[in-house]
Amino acid sequence: MSHITEDCLKIIINELQYDLSSLYSCILVNRHWCRIAIPILWKNPSSLKGYSPSKLHKMILFLLPNTSKKFLSDNIPELSLTEISDNKPLFSYISFFTQISPDLINDLSNALFYDDNKGYNYVGVRYKKYLLVQEIYKLFINNCKGLKLFYCKTSHPLFKYQGATTCFSQLCTLKINLMFVPTGNLFDIIQICQNIKHLELKNCDKDIENLVDFINIQRNLQSLCIDFLYEEKISSFKFRSLNDIIMKKASTLKKFIVRPFTRLLSPKILTSLINLQHLELISNEKFVLILGGSTANDWDEYISIASFPNLQYLKIYFDTDLSITKDYMLIEKSNGNILEINILKENFHDPIYTKKLIITISKCCPKIKRLTINIEPENFEDLKEIFLNCTQLEMMCFSLDSEEHNGDKLLEIILDYSPETLCEYSFIEIENSIFTTEGLERFFENWKKRKPPLIFNIINKLWSDKDNFTEHNKIIKKYLDEGVLQLSRMRVGGK
């Protein structure tokens, strides 16, 4: 081991970056190993399995400069920060962080101000937490050099703090929650961050002009996610400039996500996204309440003429009675590159459309590995085409909205026709299970003849038959114990 070069040792230890115990062992080998392992350990310590939040919090407080400790002790004497040792640490641990986690900082402040017996018992706790969070952000920003990822969800003027230019100028991935970030802060971000490749904007509503300027200044934007904030009388008119700038940047975009109000954007942008590899269009039930904007028919019109020959991931979700119905045409023009499809539509029943979708997938997606779709009883037989032609499938999820399904028939088709690679199934149901206990047991018994263990999930929105639920759980447990199932869950509510 003494002959391993430093570059090789870095590669080896980097493979252990999520293994806290192994990294700690590496640190104890000798000084050389310690010097290599410490930066890897401190890249994002809160992501490590088994890490101690309290110990990490204490270390961050320990690393605060004396000026911050004095400032906080003067304003929040109950924290007693002056009692923390000011001995110089062996390493500049904060400088190794590759991302600043707002959740870590908020958890730290909450832990310091929370008393198990009294709750948040300090007078003026909100202001005091603000001061504490401010000093912790200053610590990170002044020490972190060249962050690559940051999630901005605070009203603190982070981009005016000392060291902000050095800290943020190399950001590649930026998430901004505009519910917390004031307009002035967004202007400061524009001055520093001009090389963003992956941008996620949450809760977009009013400050469209600054958003347009921010997107426009990016030189190589490859991924854009826009999450709109719902307003009772929201209008799509003010988003026209946003449509224009997206089309201007479209040639470099490989990933594009819009949620939860696709109607606010013009579907015309689809014709510009010629290099797209990842597309998500998501609308919820308020889709029809938004004033102005594009209709489902408008989206269908442009979907029918758009072409994404490099498309690898497609997600379309509509929680509304109005839905697009020509999304299968995107799959037809994908040149067989799609690896995952996730198309779910609530309260939408159209066996003819479903048949078109299934046949299109079976003919045009030979490489697909993961598939989620609605399924109608009339389309069970059509699934055979997918099983016979999509031989690299690994996971399938079916949304079963009809109460007339014969789930046991579906299980028989899976057994008889699914490829050997396909070992994970999920079923989203409306109310009671579509499977009989006999059908489930017969399915698991026959699955024993296959070598790979099965992952099998049933997610029920409102399971009213508690007896059947209990019996299904007994069967699941039995085959988990026998090793037929590798992992399984039965859940009521949600997805």
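Look above for the structure.
A brief report on the enclosed structure follows.

Reading the values: the criteria
- Residues numbered from 1 in each chain as written.
- Predicted model: local features only at pLDDT ≥ 70, side-chain atom pairs only at ≥ 80, totals over all residues.
- Heavy atoms only, no water.
- Helix = DSSP H or I, 4+ residues; strand = E, 2+ residues; numbered from the N terminus.
- Buried < 20%, exposed > 50% of the residue type's maximum accessible area, 1.4 Å probe, protein only.
- Contact = heavy atoms within 4.5 Å.
- Arc of directions from axis to C-beta.
- Salt bridge = Lys/Arg side-chain N within 4 Å of Asp/Glu carboxyl O.
- Phe/Tyr/Trp six-rings, centres within 6.5 Å; stacked < 30°, edge-to-face > 60°.
- Pairing = 2+ DSSP bridges.
- Right-handed = clockwise from strand over helix to strand, strands pointing away.

1. Observations regarding the environment of L64
- Examined against the element boundaries, L64 turns out to sit in the loop between α4 (53–62) and α5 (66–75).
- Residue classification places L64 among the buried positions, given a relative accessible area of 3%.
- Linking L64 and F140, residues 76 residues apart in sequence, is a C-alpha distance of 9.3 Å.
- Setting aside its immediate chain neighbours within four residues, L64 contacts K69, L72, E135, I136 and L139.

2. What about α4?
- Among all positions in α4, only L56, H57, I60 and L61 are buried. The buried side chains of α4 occupy one side of the element, clustering within an arc of 135° when seen end-on. Looking at α4, the residues exposed on the side facing more than 90 degrees away from the buried face are K55 and K58.
- In this structure, the buried residues of α4 make contact with α5, α6 (102–113) and α7 (125–143).

3. Details of the pattern of salt bridges
- Considering all chains together, one arrives at 16 salt bridges under this definition.
- Across the salt bridge formed by R259 and D227, the nearest N and O atoms sit 3.2 Å from each other. You can see R259 sitting in strand β6 (residues 255–259) and its partner D227 sitting in strand β5 (residues 223–228), a full 32 residues away along the chain.
- We classify R259 as partly exposed; its relative accessible area is 21%.
- Among the salt bridges present, the one from E441 reaches K478, with a minimum N-O distance of 2.8 Å. You can see E441 sitting in helix α17 (residues 437–447) and its partner K478 sitting in helix α18 (residues 466–481), a full 37 residues away along the chain.
- The class of E441 is partly exposed, set by a relative accessible area of 30%.
- Within the structure, one salt-bridge network assembled from shared partners comprises E200, D227 and R259.

4. Re helix α10 (residues 208–217)
- Within α10 the residues assigned to the buried category are I208, N210, L211, V212, F214 and I215.
- Next to the buried residues of α10 lie β3 (173–177), α9 (183–192), β4 (198–204), β5 and α11 (240–249).

5. Observations concerning the packing of aromatic side chains
- Taken as a whole, this structure holds 17 aromatic pairs when the rule is applied.
- Pairing F348 with Y353 gives two aromatic rings, centres 5.5 Å apart and planes at 85°, and the pair type is edge-to-face.
- Judged by its relative accessible area of 13%, F348 is buried.
- Looking at Y353, the relative accessible area reads 7%, which means it is buried.
- Summarising the aromatic geometry, the rings of F398 and F427 are spaced 5.8 Å apart at their centres and angled 25° between planes, so their arrangement reads as stacked. In this pair, F398 is assigned in strand β11 (residues 395–400) and F427 in strand β12 (residues 424–429), connecting sequence segments 29 residues apart.

6. Points about the pairing of β11
- Within β11, six of the six residues are buried, which leaves the element mostly enclosed by the surrounding structure.
- Side chains M395, C397 and S399 of β11 all project onto a buried face; the interleaved residues M396, F398 and L400 project onto the opposite face, where all are buried too.
- Two strands pair when backbone bridges link them, and strand β10 (residues 370–374) and β11 are joined in this way by five bridges, in the parallel orientation. Its bridge partner being in β11, N374 is matched across the sheet by S399.
- Regarding topology, helix α15 (residues 383–389) serves as the crossover connection from β10 to the parallel β11, and that connection is right-handed.
- In this sheet, β12 lies alongside β11 in parallel orientation, the contact comprising six bridges. In the sheet register, L400 faces β12, and the bridge partner there is E429.

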